[in-house]
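# Architecture at a glance
So you can see what is in the structure, the chains are spelled out below.
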Amino acid sequence: MGALSIRQVRKAYHSVEILKGIDLEVDAGEFLILVGPSGCGKSTLLAMIAGLDHPTLGSIHIGDHDVTHALPKDRDIAMVFQSYALYPNMTVAENIGFALEMRKVPKAEREAAIARVAKMLQIEHLLERKPAALSGGQRQRVAMGRALARNPKLFLFDEPLSNLDAKLRVEMRAEIKLLHQRTRTTTVYVTHDQVEAMTLGDRIAVMKDGQVQQFGTPDDIYSRPANRFVAEFIGSPAMNFIECSREGIDQLQAHGVRLSLTPAHRQSLQSFSGHALVYGLRPEALRFADQGLPGELWMVEPTGPETYALVDTPLGRLTVRVPGQVHQRIGERVHLDWSAEQCHLFDGMTQQRIA
Ligand code: ADP
Ligand code: MG
C-alpha cells in the first residue's frame, strides 16, 4: 500500500466532467508534482485529496485508510495555498501554533514545535511580529511554518510560490526542496510552472483536460514524452515539431527533405501503420553547422548564458538553443544539423509517441 492512492477519481460539477478518471499511486516520502495548464483540474484534484470536496466516483486512500468521504480534519494533512491568509491579530508564533492549540496540544509541546519550525525556516527573529510587519516572502515562510508545525502524513501545496517575485520564488523553491529532503513527508505539489515541476518533483503527473497525460520521473517526462502535448508543455523553449509523411516503409520526409532516423526508429516504423507523423527536435538538439538543413537566421534572443536562434528553413521556423552567443547575423544563410538519436516521433493522428 502506497502513501496515497487515487483510483479512478472522477468529478463532475453540474454534469460537466472536470476530472475524467485519475489514477495515481504515490510512494511514502515521495514528492509528487501535479502540473498542467490553467483549468486542467489540478486544484480540483488537490481539493479531493484534502477533503475540501469529494469525488463523484472513485476512491482516495491515505495509507491504509479510505478517506474518500472523510473530513479534512480526519485526514492528517497540512496545506499551503497560493493565498496564505495569516491571522492578522496574532503574532507569527501564535499563527504557527494555532493549529496545534486547536488540537489541544499541550503548551510545552506547542512551544517546542514553534521553535523547531522557526529554526528550520530561519524566522526565529520574527516570532513576536504581526503579519503586517512582514515582507511577502516572510509571510509565505510563516504560512509554510503553520503547515510544518504539525507532523502530518501528507503535505499539500497549491501554487504556493506564484504570488512571489522571481528571485524569491527561486529561493523558496530551493527551501521547499531542502525541507522535503529533511522531513521526507509525502508531498503533493500543484504548479503550472514546468521549471518548478522539473526541479522539485520525484515524479510528475502532467495533466490536461482532467486527465493524466503522463506520470513519471522528470527524466521520463523530458526524455520520453508520452505524446505531443507533454513534449510541448515541458521544456523551454518548446520542442520543434515537423509534420512529415512516410516514404516507403521506414523513411520520413517533409517538404522534400529526408529526415534522419536511427535503425531503432526504422524498426518501430515497421509496425506502425499510419502515414502522417510528427518529427520532434528539442532546441538543444539542433546546432549550427557548415552543411545540413539550409535556412536563414530570423531572430536572436540572448538570455546571457545561452541564446535562442530562430531559423527559417524549408521545414518551418525552428528554434535552436546555442550556448553563449550567436555569431551569425540576422538574415544570414546558415545550416542546421542534428543527430537522429535526438529526435522524437509521434503519430500524426493520435499524437502519441511512437519512438
Ligand atoms: P487548475 O487548478 O488546474 O487551474 P481547477 O481545478 O481550478 O484548475 O479547475 C478545473 C475546471 O473546473 C475549471 O474549468 C473550473 O472552472 C472548473 N471548476 C472548478 N471548481 C468548480 C466548481 N466548484 N463548480 C464548477 N466548476 C468548477
Ligand atoms: Mg489551480
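Above this text is the structure in question.
Read on for a plain summary of the structure.

Rules used in this analysis
Residues numbered from 1 in each chain as written. Chains lettered and ligands numbered in written order. Predicted model: local features only at pLDDT ≥ 70, side-chain atom pairs only at ≥ 80, totals over all residues. Heavy atoms only, no water. Helix = DSSP H or I, 4+ residues; strand = E, 2+ residues; numbered from the N terminus. Contact = heavy atoms within 4.5 Å. Areas by Shrake-Rupley, 256 points an atom, 1.4 Å probe, with all protein chains shown as cover. Near = heavy atom within 4 Å. Polar contact = N/O pair within 3.5 Å; in protein donor to acceptor, adjacent residues only side chain to side chain. Nonpolar A, V, L, I, M, F, W, Y, C, P; charged D, E, K, R; others polar. Axes fitted to C-alpha atoms, helices over the stretch in contact; angles between N-to-C directions. Parallel < 35°, antiparallel > 145°, perpendicular 65-115°, else oblique. Left-handed = near helix turned anticlockwise from the far one by under 90°. Salt bridge = Lys/Arg side-chain N within 4 Å of Asp/Glu carboxyl O. Buried < 20%, exposed > 50% of the residue type's maximum accessible area, 1.4 Å probe, protein only. Pairing = 2+ DSSP bridges. 1 Å grid on protein atoms, 1.4 Å probe; cavity = no way out; pocket = protein on both sides within 12 Å on 5 of 7 lines; lining within 4 Å. Points joined across faces, edges and corners; volume = space filled by probe spheres on them. Disulfide = S-S within 2.5 Å.

### So, the overall build of the protein
In terms of helices and strands, the protein carries nine helices and 20 strands. The long-range fraction of contacts in the protein, counting pairs at least 24 apart against all pairs at least 6 apart in sequence, stands at 64%. When the accessible area of the protein is evaluated, it comes to approximately 16900 Å², of which 51% is carbon and sulfur surface.

### Observations regarding the site of ligand 1
Near ligand 1 you find Tyr13, Ile18, Pro37, Ser38, Gly39, Cys40, Gly41, Lys42, Ser43 and Thr44, and these make up its full shell. At a separation of 3.2 Å, an oxygen atom of ligand 1 approaches a polar backbone atom of Cys40. Here an oxygen atom of ligand 1 sits 2.5 Å away from a polar atom, N or O, in the side chain of Thr44. Coverage of ligand 1 by the protein amounts to 57% of the 560 Å² it exposes when considered alone. Its residues assigned to classes, the shell around ligand 1 shows four nonpolar, five polar and one charged.

### Some thoughts on the packing of helix H2 (residues 92–102) against helix H3 (residues 107–121)
Relative orientation of the contacting elements H2 and H3 amounts to 130°, with a least axis distance of 9 Å. Between H2 and H3, the angle falls in the class oblique. The chirality of how H2 crosses H3 is right-handed. Residues Ala93, Ile96, Gly97, Leu100 and Glu101 of H2 form the contact with H3, whose participating residues are Arg110, Ala113, Ile114 and Val117.

### Topic: the pattern of salt bridges
Throughout the structure, instances matching the rule amount to 19 salt bridges. For Glu30, the salt bridge goes to Arg203, with nearest N and O atoms at 2.4 Å. Here Arg203 lies in strand E9 (residues 203–208) and Glu30 lies in the loop between strand E2 (16–26) and strand E3 (31–35), a separation of 173 residues in the sequence. Both residues of the pair, Glu30 and Arg203, belong to the buried class. In this structure, Arg321 and Glu306 form a salt bridge, with 2.8 Å as the shortest nitrogen-oxygen distance. Linking Arg321 in strand E18 (residues 316–323) with Glu306 in strand E17 (residues 306–313), this pair joins segments that are 15 residues apart in sequence.

### Quick notes on the sheet that holds strand E5 (residues 65–66)
As a general point, the strands of a sheet are linked pairwise by backbone hydrogen bonds and lie either parallel or antiparallel. Sheet architecture is open: four strands sit in the order E2-E1-E4-E5, paired in antiparallel fashion. Of all the strands in the sheet, the pair left with one neighbour each is E2 and E5. Here eight bridges tie strand E1 (residues 4–13) to E2, and the two strands are oriented antiparallel to one another. By the bridge assignment, Tyr13 is partnered in E2 with Val16. Of the strands in this sheet, E1, E2 and strand E4 (57–62) are in contact with helix H1 (residues 42–50), which crosses E1 at around 120°.

### What to know about the layout of surface pockets
As a volume, the largest pocket reaches approximately 510 Å³. Along the walls of the largest pocket sit 20 residues, with Ala78, Met79, Ala99, Arg146 and Arg150 positioned nearest its centre. Of all the secondary structure elements, the ones that give two or more residues to the lining of the largest pocket are strand E6 (77–81), H2 and helix H4 (136–148). Partitioning the lining of the largest pocket into residue classes produces 14 nonpolar, two polar and four charged. Lining the second largest pocket we find Thr91, Ala93, Glu94, Gly97, Glu101, Lys107, Arg110, Glu111, Ile114 and Glu128. Put simply, the parts of the chain that give the lining of the second largest pocket at least two residues each are H2 and H3. Split into classes, the residues belonging to the lining of the second largest pocket amount to two nonpolar, two polar and six charged.

### Overview of the sheet that holds strand E8 (residues 186–191)
Reading across the sheet, the six strands line up as E6-E7-E8-E3-E9-E10 and stay open at both edges, with mixed pairing between neighbours. At either margin of the open sheet sits one strand with a lone partner, and together these are E6 and strand E10 (211–216). Across the sheet, the axes of successive neighbouring strands diverge by a mean angle of 15°, strand direction being ignored. Where E9 meets E10, five bridges bridge the pair, whose relative direction is antiparallel. Opposite Val206, over in E10, you have Gln214 as the bridge partner.

### Focus on the state of the cysteines
Taken as a whole and assessed by the stated rule, the structure comprises zero disulfides. There is no disulfide at Cys244, and the cysteine sulfur nearest it, in Cys343, is 8.7 Å away. Looking at Cys244, the relative accessible area reads 6%, which means it is buried.

### Examining unusual backbone geometry
With omega at -5°, the peptide bond leading from Ser236 into Pro237 counts as cis. Structurally, Pro237 can be placed in the loop between helix H8 (228–233) and strand E11 (240–247). Not every positive phi belongs to a glycine, and Gln8 is a case in point at roughly 50°. Tracing the chain through its elements places Gln8 in strand E1. Despite not being glycine, Gln351 shows a phi value in the positive range, around 70°. As for its position among the elements, Gln351 is in the segment after strand E20 (344–347).

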